[in-house]
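Residues per chain, in single letters:
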Amino acid sequence: MARIIAFRDALREAMSEEMRRDDRVYLMGEEVAEYNGAYKVSQGMLAEFGPRRVIDTPISELGFAAIGVGSAQNGLRPIVEFMTWNFAVLALDQILNTASKMLAMSGGQISCPIVFRGGNGSAGQLGAQHSTAFEALYANIPGIKVVSPGNAYDAKGLLKQAIRYEEDPVMFMESEQMYGDKMEVPEEEYYIELGKADVKRTGTDVTIVSFNKMMKVALKAAEELEKEGISAEVIDLRTIRPLDWMTILESVKKTNRLVIVEEQWPFASVSSEITYRIQKEGFDYLDAPIRRITAADAPLHYAPNLVAAALPDVPRTVKLVKEVMYQHK
């Protein structure tokens, strides 16, 4: 049976189901308990699990990240919520220098099964310091996994997988603009393996790859292109590290063209890595250069017209696809 629930509800279900199953799992972060979460993701969890397992923290990302990392290395399975990943830069020392490296530094003796999660990327007019997309930054760190779901169904399955099965630190990056998005999610328990992209729409003429809230742009662009006789295959990466570039390659073998839509800054971005992999392994299948549309190479400003100009949109994505189809106007 399936029912329609919001993205935030899917996340809450994932955490609650795993906390009921395993008493080693707990949630910690700013306002996750008494306030029910800054975005109401953890609503009602304090009442069910109590203050020892749903823990409000001081405004000290480095401090509570360190507590989470230490507890993970001593047998617990913490979920650490950052109110936004923009604030998590304060905890980067724990993520980079401890969580990601301890397995190697201990000769394989000490793992760190911890999930860091929270809102990521732009969320409207919040200014430059609250609007960065961090997938590419964390994907550059060996020893961790990076998840960036584009809908509620995927979010629940991926989060349950991360909490229950992953022994490496997982960076789980949500979109503040998607917490209210609704879709059908099964009542039955399910898990989605990390590192597996998903073809959300099949097509024959061009492959469009995206993730997180930019999937909305990619899918809408595919709808617009269909009206003009262009069949676009749309792939949702879902996981940035490990990166399922083979699914992209198999699609490109069919369509012979690739466009990537992402919210990262362009330099050393996710699209940069995809482009390298596909041109290296699939050069002979390409009938046009790989093209991408990213966020502007600048901090995101507050003014709504500058926000619109800086982020990928449907018209520019459609235009880019037509360019690789050599349908210039």
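Above this note sits the structure.
The structure reproduced in this document is the subject of the present report. This is a predicted model, so every value here is computed, not measured.

**Quick notes on the overall build of the chain**
Thought 1: Across its full length, the chain carries twelve helices and 14 strands.
Thought 2: The C-alpha radius of gyration computed for the chain amounts to 20 Å, which stays within 12% of the reference 20 Å derived for 329 residues, consistent with globular compactness.
Thought 3: C-alpha extents for the chain along the principal axes are approximately 60 × 45 × 40 Å.
Thought 4: With 329 residues in all, the chain has 57% of them scored as buried.

**Regarding the nonpolar core**
Thought 1: The biggest cluster of nonpolar side chains holds 43 residues, and the ones touching the most others in it are Phe82, Trp85, Phe116, Tyr138 and Ile274.
Thought 2: Leu27, Phe49, Ile163 and Met178 belong to the second-largest nonpolar core, a separate cluster that totals 33 residues.

**A word on the side chain of Glu30**
Thought 1: Mapped onto the fold, Glu30 is located in the loop between strand S2 (25-29) and helix H2 (45-49).
Thought 2: Arg117 provides the closest opposite charge to the buried, salt-bridge-free Glu30, at an N-O distance of 11 Å.
Thought 3: Discounting residues that sit within four places of it in the chain, Glu30 has contacts with Asp56, Thr57, Pro58, Ile59, Ser60, Glu61, Phe64, Glu81 and Met83.

**As for the environment of Lys182**
Thought 1: Inspection of the secondary structure puts Lys182 in strand S8 (residues 182-186).
Thought 2: By relative accessible area, which is 63% here, Lys182 ends up exposed.
Thought 3: Spatially, the C-alpha atom of Lys182 lies 30 Å from that of Val89, the residues being 93 residues apart in sequence.
Thought 4: Residues within four places of Lys182 in sequence aside, it is in contact with Ile4, Ile5 and Ala6.

Definitions and limits used
Within each chain, residue numbers correspond to sequence positions counted from 1 in written order. Local features in this predicted model are restricted to residues of pLDDT 70 or higher, and side-chain atom pairs are both shown and tallied only at a pLDDT of 80 or more, whereas totals for entire chains, interfaces and linings draw on every residue. With hydrogens and water set aside, each side-chain value is computed from the structure's full complement of heavy atoms. Strands here mean DSSP runs of E at least two residues long; helices mean DSSP runs of H or I at least four residues long; both are numbered from the N terminus. C-alpha atoms define the radius of gyration in this analysis, and the globule rule sets the expected value at 2.2 Å times the number of residues to the power 0.38. Three labels apply to residues, based on accessible area from a 1.4 Å probe with only protein chains included: buried if under 20% of the type maximum, exposed if over 50%, partly exposed otherwise in between. Buried residues of nine kinds, namely Ala, Val, Leu, Ile, Met, Phe, Trp, Tyr and Cys, make up a nonpolar core once their side-chain atoms join them within 4.5 Å. As used throughout, the charge tally considers Lys and Arg to be positive and Asp and Glu to be negative, leaving His and the chain termini uncounted. Whenever Lys or Arg places a side-chain nitrogen within 4 Å of a carboxyl oxygen from Asp or Glu, that contact is recorded as a salt bridge. Working rule for contacts: check all heavy atoms of both residues, and any pair within 4.5 Å makes them a contact.

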